[in-house]
Amino acid sequence: MRADATRRRRAPGERRHKKVTQVFSAAADTRFRVVLVLLALTGLGAGVAGFAWSRSDSFWNVGVPAPQPIPFRHDLHSGSLKIDCRYCHWSVEKAADAGMPSAQTCMSCHSQLWAGASVLEPLRSSLALGQPVVWTSVHRLPAHAYFHHAAHVTAGVACETCHGRVDQMPRTVKAETMSMGWCLDCHRDPLPRLRPTDDVFAFDWRPEPASPAAASAEAHILPVEQLISCNTCHR
Amino acid sequence: MNDSPPFSSGSAPSAPRRLWRSLEELQDAPDLQAWLDAEFPNIARAGSMDRRSWLRLVGASLALAGLPACSGEGAVGDPPLLSPPEHLPGHVPGTPLFVATSLELAGLGRGVLVKTQEGRPFKIEGNPLHPASLGATDVWAQAEVLSLYDPDRSRTPLQQGAERTWEDAERLLATMRTELAFGRGKGWRFLLPQTASPTLDRLVAAMRQGFPEARWHRPAPLAPSGAQAGAISAFGRAVDLVPDLTQADLVLTLGGDIFLFEPGHIRLAADWQARRRNREKPLPRLVAVESTPSLAGARADQRIPLRPRLVEGFAHALWAGLAQNAVPAEAHPAVATLLAELRRAGPRAVVLAGREQPAAVHALALAINAHLGAFGTTVHAIEPVVAPTPPEEDLPALAEAITAGEVSGLVILGANPAYDAPADLDFGRLVRRVPLSVHLGFGRDETAAASTWHLPKCHPLESFGDLRAFDGIVGFRQPACVRLVPSLSPEELLANLLGQAPDGRELLAATWAEQWGADFDIRFTRALEDGVVEGSAAPRIPVALRPDWSPAPRPPLPPAELDILFSLDPSLWDGSYANNAWLQELPKPLTKQVWGNAALIAPETAAARGLSTGDLIEVIAGERRVAAPVWLLPGHAPDTVTLPLGYGRESAGAVGWRVGFDAYLLRTAADPWITSGTLTPLGSQVELISTQHHHALPGHAVFRIVSADRPDAGGPPAKLPSLYPEWRYEGHAWGMSIDLDACIGCNACVIACQAENNVMVVGPEEVARGREMHWLRIDRYHGGAPENPDTFFQPVLCMHCEKAPCEVVCPVNATVHSAEGLNDMVYNRCVGTRTCSNNCPYKVRRFNFFDYSSAELAPPDDALNPHVTIRERGVMEKCTYCIQRIWTARTQANVENRPIRDGEIVTACQQACPTQAFRFGDVNDENSAVSRLKREPRDYAMLGELNTQPRTTYLARIAPTGENGG
């Protein structure tokens, strides 16, 4: 009712039908197709880029140091001073955790050396208060994965194989992605990456060319089918 | 279930017996058939859904699917690394540490090992050195770990319900000390339940000496009070019995449940099965005379259901037949054959009366044992582990004193009388009349609400103490973790009142330093390490029947319309575990009921009164009445109703609040176990939740019974050709054997599995839909007439099939075959299609319909096993053969550069089992224990005709032997 009443009356002589103007030009079809192809390419490109990024080091925080309470230098302790890994990571041959040093361990040297250094203040307060030093974990495994240090170390997997040249790191960083694909690379074919268990804690180790099978004969390794079973790492 | 053609032609040697799960199944009820036939019963009952709400939910879940990606967790720097603990040299963080301790049940101790990591207990195992455990546990010991982390436990002192600080409480204790010293304890009453603890006894003695005017009340609400009275009547002195079932050829039980409720029940079950496994002797016989079906009755070769009031007559007839060779004419027909058996077994027979039986029955049982010469062979008498309570120290005496206004101060240590004291005392009201009442309790329970002051009591896993076991051996209690909340143990509170330092360890040491003298340090350390005190078993004492003893005259036949029997609950015990969600959701062995209790009656009694399961009735005893739903329990004695205790708590906490009905309301001081009454139907119905039809298996050959002389279960079926891939195993191939002849249905494995594998609780509504998450269930079958059926238990867990039907149907490869034949479940691949579950013939796969692990009923993170993944919503899960334990053993063996030993890997169910029904090991190794068991003629594969070639096989149950067997 109301719509009818307000409708504009047609002027006398006004043309009843206007010619419909061309909305789409002749090239519109082509443009549309180009856009479609571009969209598809963008999607594909985003996928490829995402895939590439997810496999890149930056996605896995490789090379990124974490804030630590004490600016501990592995290059100094392990590299220059040649302190054995097991002096601090004392349970690496026994348990799932490699073990972190207690303040007493640090103090066996630092009660004498750099005893008053301000950077060691957290260490001194840890000892005084009986509270652990809260280090930040750098090599944190993804969820759902269970890892056992001793199982690897006793089988001949060197520290260096996963943690890289720690003896050259001023600040501790991840050297490998620690992704599932990276783990499986080794689990599918462990022998070339293993060492004699005596050399597990050495850096810059080269296999003796004469006996490549020595390491495998010595190490007690599970069959590959077992190493790549899901339950090996996932419970 | 109906005969379904594909399955009923199983490879069982003879036509199998028809077994049934429930009365409805026996009568082929149509609605039950609909449930069993439904393809997805657990979603069919979730309610219908229209198209619009379905679209809305789909849209919402799509929109929410992106949310988890928004969490800001990076790969760097979340959890801290900590340096090692200073006080545990040599201990490696991340590896479990075991603490030997003792847990209490009805005042007696069971030795356990508490598995802790980073200072928090997460699993409890039995202590192999402890005689009441032998390495096995019961459901209550397993569930204790969840109670420790109970969010509803008491955290602060309360005064008239208002929170107070510990400084306030200290001031209260100082006032109490002054008052006690001033009047030498006049007007003060102490209420401490009987506990077989030398340290507590020492402190109580010191209190009695220091405050001679104070009165002590040490009730033992669950003690077999009839047993002591019976012993005094028959032998002239109180004794405790320690049965040795490994020597028994014939065991006759008169009521009670030697496998679940009697003192030393774990040991009794272990000994009984050890005797059955002894092949040098013929199979022993177990005869159960009982009113309410029990686990012992289910396992018995012969079961005689009898009204409670008739048990005494039965025992009397046996005695008359044995001693005077004159069986009364009106005696039960089973008496004559039983007499012959008893005479034949002679000293190798034993008669055990249950805790609910009156003194006369206990006296008769003792007399029969003495007459047969059983003392010294199948049963030993020792000094009472818990001294009998003199009447002036029992609760009614305290009630009288309070009513008379003689009590100015009342201290209640660890008891909850406002809930579980006899109803005629009305204890909650009495406590309110005392001017100053101080309650020490673990939770803010009914008594805490009635008391003027309430102090938090620490958990047994947080404090020092000691406890005697059923045979008198002392086990030390020691903390497995720091106190999670500031709290006191009863020992420490008493020491505080005595003016001593409330240091639990010192109090314990002081008790034993007196006895051990110079050897103290070595012996104390060793006792803490082992969990038992060497050489502390109570000496056996000779007993002889009093020459002037004659059995009390036979009671007349029951005039009452209905006998009422109170029983402990197989899940909640006496109600102290009411706030434990694991136990609330544990299907009871016989009814499979969860989240509630019911009045148990016989089907024929119910039929006569027009009742069916779920009908509400009112049970009336004297002036007291209680409304309860009924449960028709096959094999129950006629004209009797069993009321399980422990439910209907008003102040248990969020989990146990008002679940079920409170049978204590009918229980009086005069008749604590058996009374008479009537029942009236109320005309309404409630839905009782039971799992007995969930995951029902087709066919009759799933449970097989063989005869002792021809133990052939048909063996594993011939391997049929299969389209599924062939597997080769070069290293280990794990397998399991479950002995159905050993399973007593006690449920310890179910809770052990739940604790070990972080199996979540889902709540009553979800269980009603068939969504309970237990990886291990115990199927219960009956055979024969419902008046007195045979009962069989069958633990069912993932069979780890060689040709697993679940593996081939998973669209995302989330369930795969491992190199050692395990059927792995990969949670982070699972998208929740549930196709695997649908294709599993054993119905052992469980689906997380909701995020149960972060729901209200989920245990706190600290209680969870850190070695097992926590599953999230939308993921399928199932038994893994305790893969974490396999890997712990394997890694240890690798580090030590040796092969895994046979028996080194023990699954959680196997470790908890009192009768060693489970055996796990390498089936590739011909000499392993499991391989030997699988070569036994009793071995068979459940649903083996489907060619699934399961790794878990069963050893068939051996049919009862001897007179009236079967």
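The model shown is predicted, which means the values in this text are computed figures rather than measured ones.

> Provide a residue-level description of the overall build of chain B, including the pertinent values.
Counting secondary structure elements, chain B contains 30 helices and 38 strands. Here the C-alpha atoms of chain B give a radius of gyration of 28 Å, agreeing with the 30 Å that 2.2 N^0.38 yields for 966 residues. The dimensions of chain B, computed from C-alpha atoms along their principal axes, are 85 × 80 × 65 Å. Counting over 966 residues, chain B shows a buried share of 55%. Put simply, of all contacts in chain B between residues at least 6 apart along the chain, 74% involve residues at least 24 apart.

> Summarise the overall build of chain A; cite the residues concerned and give the values.
Scanning chain A from terminus to terminus reveals 11 helices and 1 strand. If you list the helices and strands of chain A from N to C, you get α-α-α-α-α-α-β-α-α-α-α-α. By sequence separation, contacts in chain A at least 24 residues apart represent 69% of the contacts at least 6 residues apart.

> Lay out the interface of chain B and chain A in plain terms, naming residues and giving numbers.
In this assembly, 36 residues from chain B lie in contact with 39 residues from chain A. Secondary structure elements with two or more residues in the side of chain B that touches chain A: β2 (80-81) and α28 (883-895) of chain B. Looking at the side of chain B that touches chain A element by element, the count peaks at 5 residues for α28(B). Residue composition of the side of chain B that touches chain A, grouped by class: 17 nonpolar, 14 polar and 5 charged.

> Would you mind going over the sheet that holds strand β3 (residues 97-105) of chain B in detail, with residue names and values included?
Residue and element names in this part refer to chain B. Taken in spatial order, the 3 strands of this open sheet run β3-β4-β5, and their pairing is antiparallel. For this open sheet the edge positions go to β3 and β5 (120-126), each flanked by a neighbour on one side alone. The sheet shows a mean angle of 40° between the axes of neighbouring strands, taken without regard to direction. Relative to β5, strand β4 (residues 108-117) runs antiparallel, the two being bridged by 6 bridges. The partner of Q117 across the bridge, within β5, is R120.

> Describe the sheet that holds strand β35 (residues 918-922) of chain B, with residues and values.
By way of backbone hydrogen bonds, the strands of a sheet pair with one another, either parallel or antiparallel. All names here are of chain B. Strand order in this open sheet of 4 strands is β35-β28-β37-β36, and the pairing throughout is mixed. The sheet is open, and its two borders are formed by β35 and β36 (939-940), each paired with just one other strand. In terms of strand pairing, strand β28 (residues 734-739) meets strand β37 (residues 952-955) through 4 bridges, oriented parallel. Bridge pairing in β37 places D739 opposite L955.

> Describe the confidence of the model for chain B, with residues and values.
Residue and element names in this part refer to chain B. On average, residues of chain B score 90 in pLDDT, and 92% of them are at 70 or above. Scored below 50 in pLDDT, residues 1-14 makes 25 contacts in the model with residues more than four places away or belonging to other chains. Throughout residues 66-79 the model reports pLDDT below 50, and contacts reaching past four residues in sequence, or to other chains, amount to 16 contacts.

> Tell me about the pairing of β4(B), residues and numbers included.
Residue and element names in this part refer to chain B. Within β4, 7 of the 10 residues are buried, which leaves it mostly tucked inside the rest of the structure. Alignment of β3 against β4, held across 9 bridges, turns out to be antiparallel. Bridged to S102 within β4 is G111. In textbook terms, the turn of a hairpin is the stretch between consecutive antiparallel strands, and for β3 and β4 this stretch comprises 2 residues, one of which, A106, has a positive phi near 50°. In this structure, the hairpin formed by β4 and β5 is closed by a connection of 2 residues, where E118 is found at a positive phi of approximately 50°.

> Requested: an account of the packing of helix α20 (residues 504-516) of chain B against helix α21 (residues 520-530) of chain B, with residues and values cited.
Residues and elements named next belong to chain B. The contact between α20 and α21 brings their axes to 10 Å, and the two run at 130°. Classified by the angle between their axes, α20 and α21 sit oblique to one another. For the pair α20 and α21, the sense of crossing is right-handed. Across the interface between the two elements, A509, W512, A513 and W516 from α20 touch F520, R523 and F524 from α21. When grouped by side-chain class, the residues that make up the contact of α20 with α21 number 6 nonpolar, no polar and 1 charged.

> Describe the nonpolar core, listing the residues and the values that go with them.
Membership of the largest hydrophobic core comes to 273 residues, with the highest contact counts inside it found for B:A365, B:A599, B:V619 and B:C749. If one sorts the elements of this core by residue count, helix α14 (residues 359-372) of chain B sits on top with 10 residues. Aside from chain neighbours lying at most four places away, what touches B:A365 is B:L254, B:A315, B:V351, B:L352 and B:A353. Counting residues in each nonpolar core, the second largest holds 14 residues, with A:A96, A:A98, A:V153 and A:C159 among its members.

> Account for helix α9 (residues 225-235) of chain B, with residues named and values stated.
Residue and element names in this part refer to chain B. Burial analysis of α9 places 9 of its 11 residues in the buried class, the great majority of the element. Taken as a whole, α9 has its buried residues at S225, G226, A227, Q228, G230, A231, S233, A234 and F235. Each element contacted by the buried residues of α9 is listed here: α14. Downstream of α9 by a residue or two, G236 has a phi angle that is positive, lying close to 80°.

> Describe the confidence of the model for chain A, listing the residues and the values that go with them.
Here chain A averages 86 in pLDDT, and 87% of its residues register 70 or above. Per-element confidence in chain A is highest for helix α2 (residues 28-54) of chain A, whose mean pLDDT is 95, and lowest for helix α1 (residues 2-6) of chain A, whose mean pLDDT is 48.

> So what's going on with the packing of helix α8 (residues 198-210) of chain B against α20(B)? Residues and values would help.
Residue and element names in this part refer to chain B. The geometry of α8 relative to α20 is characterised by a closest axis approach of 9 Å and an angle of 90° between their N-to-C directions. Relative to α20, α8 is oriented roughly perpendicular. From α8, P198, T199 and R202 reach across to α20, where they touch L507, L508 and T511. A class-by-class count of the residues in the contact of α8 with α20 yields 3 nonpolar, 2 polar and 1 charged.

> I'd like to hear about the environment of B:E926, residue by residue, with values.
Here B:E926 is to be found in the loop between β35 and α30 (929-934). Once the C-alpha coordinates of B:E926 and B:A229 are considered, the two residues, 697 residues apart in sequence, prove to be 55 Å apart.

> Any details on the environment of A:D84? Residues and values, ideally.
Residue and element names in this part refer to chain A. If you trace the backbone, D84 turns up in the loop between α3 (74-80) and α4 (85-88). The exposure class assigned to D84 is exposed, which follows from the 10 C-beta atoms found within 10 Å. Taking the C-alpha atoms as reference points, D84 and A202, 118 residues apart in sequence, are found 8.7 Å from one another.

> Explain unusual backbone geometry to me, and be specific about the residues and the numbers.
Residues and elements named next belong to chain B. One non-glycine residue, K592, adopts positive backbone phi at about 60°. For K592, the position within the fold is in the loop between α22 (581-584) and β22 (599-601). Judged by the 20 C-beta atoms lying within 10 Å of it, K592 is buried. Residue Q949 is not a glycine yet carries a positive backbone phi of 50°. Turning to its location among the elements, Q949 is positioned in the loop between β36 and β37.

> Describe the environment of B:A501, naming the residues involved and giving the relevant values.
Residue and element names in this part refer to chain B. Examined against the element boundaries, A501 turns out to sit in the loop between α19 (490-498) and α20. The class for A501 is exposed, based on 10 C-beta atoms found within 10 Å. With sequence-adjacent residues up to four places away left out, A501 is seen in contact with A495 and E506.

What counts and how
Within every chain, residues take consecutive numbers counted from 1 along the sequence as written. Labels follow written order: the first chain is A, the first ligand is 1, and so on. The predicted origin of the model limits local features to residues at a pLDDT of at least 70 and limits the giving and counting of side-chain atom pairs to 80 or more, whereas totals for whole chains, interfaces and linings rest on all residues. Under the scheme used here, helices are H or I runs from DSSP no shorter than 4 residues and strands are E runs no shorter than 2 residues, and both carry numbers assigned from the N terminus. When we talk radius of gyration, it's over C-alpha atoms, and the globule rule is simply 2.2 Å times the number of residues to the 0.38. Using C-beta atoms placed from the backbone, we call a residue buried if 20 or more other C-beta atoms fall within 10 Å of its own, exposed if 12 or fewer do, and partly exposed for counts in between. Throughout, a residue-residue contact means that the two C-beta atoms, derived from backbone geometry, are no farther apart than 7 Å. Amino acids are sorted into nonpolar (Ala, Val, Leu, Ile, Met, Phe, Trp, Tyr, Cys and Pro), charged (Asp, Glu, Lys and Arg) and polar (every other residue, Gly among them). In this scheme, strands are said to pair when DSSP sees at least two bridges between them. The convention used is that axes are lines fitted to C-alpha atoms, helices contributing only their stretch in contact, and that angles between N-to-C directions extend from 0 to 180 degrees. What pLDDT expresses is the predictor's confidence in each residue, scored from 0 to 100. Here is the rule for angles: anything less than 35 degrees is roughly parallel, anything more than 145 is roughly antiparallel, 65 through 115 is roughly perpendicular, and the remaining ranges are oblique. Here is the rule for handedness: rotate from the far helix to the near one, and if that takes an anticlockwise turn smaller than a right angle the crossing is left-handed, while a clockwise turn gives right-handed. As used throughout, a nonpolar core is a set of buried Ala, Val, Leu, Ile, Met, Phe, Trp, Tyr and Cys residues joined through C-beta atoms within 7 Å of each other.

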